[in-house]
2 protein chains.
Amino acid sequence: MTYTYEYPHPAVTTDIVILTVLDGALKVLLIKRGMEPFKGKWALPGGFAKIDESLDTCAARELEEEAGIKGVYLEQLYTFGGINRDPRERVISVAYYALIPGKNVTLEAGTDADEAEWFAVDDVPELSFDHAEVLGMACKRLAAKMDYSTVGFKLMPDEFTLSYLQDVYEKATDKPRDKRNFRKWVFSLNVIEATGKKYSSGPHRPAMLYRVINPEDVKNIR
Amino acid sequence: MTYTYEYPHPAVTTDIVILTVLDGALKVLLIKRGMEPFKGKWALPGGFAKIDESLDTCAARELEEEAGIKGVYLEQLYTFGGINRDPRERVISVAYYALIPGKNVTLEAGTDADEAEWFAVDDVPELSFDHAEVLGMACKRLAAKMDYSTVGFKLMPDEFTLSYLQDVYEKATDKPRDKRNFRKWVFSLNVIEATGKKYSSGPHRPAMLYRVINPEDVKNIR
DNA sequence: CCAAAAGTGTTCGTACTACACCCATGC
DNA sequence: GCATGGGTGTAGTACGAACACTTTTGG
C-alpha cells in the first residue's frame, strides 16, 4: 500500500537521548544500527512517527521498543530540520531526552537494532546522521536545567545517599560542588526526605538513605 | 503532480509567534485566514515547509512572506505534534518566535491572508488550531529568557531611552521593576552605550539615547 | 512657576562561597 | 587502630531589594 499527497511531505522521526549516570560518568544509550543507512554504526534510538500517534507518544514508544525503558522523565529537546540529514529522503527529527536512574538499568536491544550500549558522553564513537549535535544539545540542556530546576532528581533511584546525589550532579554538570554547600542547597529545595535507613558500602561510616518526596514534580527554582 | 510514499507522512508547518511591545503592551501579530480551515478566523502566521528548505529557512520565509519582516531575531520554540491539530490531515507544527522592535513596524498582509493585525497577548481573539497554546508558550519562554539572557534587547530599536527599555521589560515579563535597580542591572550587562544624543518628548527633562553595542549577540547571564 | 518624566546612592537582607575537623564503620 | 568515606557550622562576600529626592525641560 502507498500514500499519495499533492505536495511532497517530509518524513518525521523522534530520536531520544537517553541519559544516566553510571560508573561515575554521564552516559548515553546508543544503538548499533541494523539497517541502512549507517548500518553497523552507532546512533541514538528513535524511529518514524506513526500517522496516528502524537510525537510525545512516539518518543515514549521508541524509548520502550528500542531500549525497554518506560515510565521515566521524557522531554522534548529540539527539532532538527536540515535538508540533508538523512540520505534516503527528507527527514525531520524531533529530538527528546530521557533521564533514567543509574541503578534501574536493564537493557534489551530492540527489533531493528543489533545492540544497545552505554557510552560516556565525552567518549562516544562516531555517530550516524547529525546525532552528535543532538547529543551535544541534550547535555547542554541537562546541565543548564539542573541548575534552575529539580530535573536532576529524575536521575535518582528510589533511595539514594547524598554522596551519590552529589556525584550525579557533578558528573551531569561537569562541575565540582562543595559537599557542605551542596547539602545545604539540596535541603533548601525541600524535595527529599530521610528514609530512616542507612546504607553501608565499605569500611566506613554508613550513609543515610533519602527518597524524593514528590517524584512526579519537577520544580523550577530561583 | 503527486508524491507517493510507502508509509503515510505527516505534513510539516512552521508557525511564528511575532512579538513586539507597542502602545504599552506586549503584542502578537495575527493573520486573518483567507482559506479553509478556519477561514476568517485569526491565526499565527505560518505555512507548510518546502521539501528542500530547512525549518529555519522556512520560518524566515514565512515571516517575510506573511508579515513582510526580515532580519529579526528568530528562534525555535517547540514542536506541536498532537494528532488532531488540523482537520485536513496530520500536521506537525514547528513553532518559532520572532522579536521585533516596536518602532520598525510596517505591515503588509501576505498572499494567503486577508489581514494582519497586532493584538495584545492577553486580549487576543479566539485562535485557530492550537495556536492559543503556542502563543502561551512563546510568552512564557520570552519572559523566562529575558531574565537570564539579553534577548530583551532584540525588542529595541536602534536608539532608545532607558525608560523605554524598562517599559518593554515590564510589559514582556509582566513584572514591575524598580527604576534605579533596573538601570544598575542594565549597565552591569555591558551591552548598551550612550549615543550622546538626547530625546525630548514633552514638557520635562529629555532622556539620553542609548544603542546596543553588539546587536548580533544574545548573551546568557548568570 | 508648575507639571512631568529623567536621573541618581545608600542601606539592608539574603543567598552563595570558602573552608577543616570529627564520626562511624569494617577489616 | 587505622583507613575510608559520612557528616557537620561559621565567617566573608556579593548581589538583589527597598526606598526619595533633585534635575531638566516645555508650556
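Residues numbered from 1 in each chain as written. Chains lettered and ligands numbered in written order. Predicted model: local features only at pLDDT ≥ 70, side-chain atom pairs only at ≥ 80, totals over all residues. Heavy atoms only, no water.

Q: Mind laying out the domain arrangement of chain A, listing which residues take part and the relevant values?
A: Residue and element names in this part refer to chain A. Along its sequence, chain A is carved into domain 1 (11-145) and domain 2 (151-218). In this structure, domain 1 and domain 2 have C-alpha centres spaced 27 Å apart. Counting residues at the interface gives 16 residues for domain 1 and 12 residues for domain 2. Interface area, domain 1 with domain 2, both sides summed: about 1200 Å², of which 73% is carbon and sulfur. Our count for the domain 1 to domain 2 interface comes out at zero salt bridges. For the interface between domain 1 and domain 2, the tally reads zero residue pairs in polar contact (both at pLDDT 80 or more). Residues that form the side of domain 1 that touches domain 2 fall into these classes: 10 nonpolar, four polar and two charged. (Domains from an automatic or database assignment. Contact = heavy atoms within 4.5 Å. Buried area = accessible area lost by both parts, 1.4 Å probe. Salt bridge = Lys/Arg side-chain N within 4 Å of Asp/Glu carboxyl O. Polar contact = N/O pair within 3.5 Å; in protein donor to acceptor, adjacent residues only side chain to side chain. Nonpolar A, V, L, I, M, F, W, Y, C, P; charged D, E, K, R; others polar.)

Q: Account for the environment of B:F38, with residues named and values stated.
A: All names here are of chain B. Within the secondary structure, F38 is located in the loop between β3 (25-33) and β4 (42-43). Judged by relative accessible area, F38 falls into the partly exposed class, the value being 26%. Between the alpha carbons of F38 and F129 there is a distance of 8.1 Å; along the sequence they are 91 residues apart. When near neighbours in sequence (up to four residues on either side) are disregarded, F38 contacts R33, P87, S128 and F129. (Helix = DSSP H or I, 4+ residues; strand = E, 2+ residues; numbered from the N terminus. Buried < 20%, exposed > 50% of the residue type's maximum accessible area, 1.4 Å probe, protein only.)

Q: Account for the protein's contact with DNA strand D, naming residues and giving values.
A: Looking at DNA strand D, there are 20 residues lining it, with A:K179, A:K184, A:H204, A:M208 and B:R205 nearest. Taken together, the sugar and phosphate atoms account for 36% of what DNA strand D places within 4 Å of the protein. At 2.6 Å, a backbone N or O of B:R205 approaches a base oxygen of DNA strand D. Where the surface near DNA strand D is concerned, the elements lending two or more residues are α4 (179-189) and β10 (207-212) of chain A together with α4 (179-189) of chain B. Considering each element in turn, the surface near DNA strand D owes the most residues, four residues, to α4(A). (Near = heavy atom within 4 Å.)

Q: Tell me about the pairing of strand β6 (residues 73-80) of chain A, and name the residues and values.
A: Residues and elements named next belong to chain A. By the criterion of burial, β6 is predominantly enclosed, with six of the eight residues buried. Across seven bridges, β6 lies against strand β7 (residues 91-99) in antiparallel orientation. Residue pairing in the sheet places Y78 in a bridge with A95 of β7. (Pairing = 2+ DSSP bridges.)

Q: Tell me about the protein's contact with DNA strand C, residues and numbers included.
A: Around DNA strand C lies a shell of 20 residues, among which A:P203, B:S163, B:K179, B:K184 and B:M208 are the nearest. Taking all atoms of DNA strand C within 4 Å of the protein, the share assigned to sugar and phosphate is 40%. Between A:P203 and DNA strand C, the recorded distance is 3.1 Å, taken from a backbone N or O atom to a base oxygen. Of all elements in the fold, only α4 of chain A together with α4 and β10 (207-212) of chain B reach the threshold of two or more residues within the surface near DNA strand C. In terms of residue count, the dominant contributor to the surface near DNA strand C is α4(B) (four residues). In terms of residue class, the surface near DNA strand C is made up of six nonpolar, five polar and nine charged.

Q: Got a sec to walk through the packing of aromatic side chains? Specific residues and values, please.
A: Scanning all chains against the criterion turns up 19 aromatic pairs over all chains. In this structure an aromatic cluster arises from ring pairing among A:F153, A:Y169, A:F182 and A:W185. (Phe/Tyr/Trp six-rings, centres within 6.5 Å; stacked < 30°, edge-to-face > 60°.)

Q: Explain the environment of B:P215 residue by residue, including any values.
A: Here B:P215 lies in the segment after β10. Distance from B:P215 to B:K154, taken between C-alpha atoms, is 7.6 Å for residues 61 residues apart in sequence.

Q: Before we move on, could you go through the interface of chain B and chain A and cite the residues and values that matter?
A: With 31 residues of chain B at the contact, the number on the chain A side is 31 residues. Together, the buried faces of chain B and chain A total about 2700 Å²; carbon and sulfur atoms form 59% of this surface. Considering only the surface of chain B that becomes buried against chain A, B:P8, B:H9 and B:I51 emerge as the three largest contributors, covering 21% of it. Across the chain B-chain A interface, the total number found is zero salt bridges. Run the count over chain B and chain A and you get 18 residue pairs in polar contact (both at pLDDT 80 or more). At the level of elements, β1 (3-5), β2 (11-22), α1 (55-67), β6 (73-80) and β7 (91-99) of chain B are the ones that each hand at least two residues to the side of chain B that touches chain A. Of the residues in the side of chain B that touches chain A, the class split is 15 nonpolar, eight polar and eight charged.

Q: How would you sum up the side chain of A:S54? Please name residues and give values.
A: Relative to the helices and strands, A:S54 is located in the loop between β5 (46-48) and α1 (55-67). Excluding anything up to four places from it in sequence, A:S54 contacts B:G81, B:G82, B:I83 and B:R90.

Q: Now, about the packing of helix α2 (residues 131-148) of chain B against helix α3 (residues 162-173) of chain B: what can you tell me, with residues and values included?
A: Residues and elements named next belong to chain B. One way to put it is that α2 packs onto α3 with a least axis distance of 8 Å and a crossing angle of 135°. Compared by their axis directions, α2 and α3 come out oblique. Residues L142, A143 and M146 of α2 pack against V168, Y169, A172 and T173 of α3. For the contact of α2 with α3, a count of residues per class yields six nonpolar, one polar and no charged. (Axes fitted to C-alpha atoms, helices over the stretch in contact; angles between N-to-C directions. Parallel < 35°, antiparallel > 145°, perpendicular 65-115°, else oblique.)

Q: A description of the pattern of salt bridges should follow, citing residues and the corresponding values.
A: Applying the stated criterion across every chain yields a total of 30 salt bridges over all chains. Where B:K197 meets B:E159, a salt bridge forms, and the shortest distance between an N and an O atom there is 2.8 Å. Of this pair, B:K197 sits in strand β9 (residues 192-199) while B:E159 sits in the loop between α2 and α3, and the two are 38 residues apart along the sequence. With relative accessibility at 27%, the residue B:E159 sits in the partly exposed group. Among the charged side chains, a salt-bridge network with shared partners connects A:E53, A:R61, A:E62 and A:E65.

Q: I'd love a proper account of unusual backbone geometry, names of residues and values included.
A: The omega torsion across A:E36 and A:P37 is -5°, close enough to zero to call that bond cis. When you line up the elements, A:P37 lands in the loop between β3 (25-33) and β4 (42-43). Not every positive phi belongs to a glycine, and B:F38 is a case in point at roughly 65°. Even without being a glycine, B:F129 presents a positive backbone phi close to 50°. Mapping B:F129 onto the fold places it in the loop between β8 (113-120) and α2.

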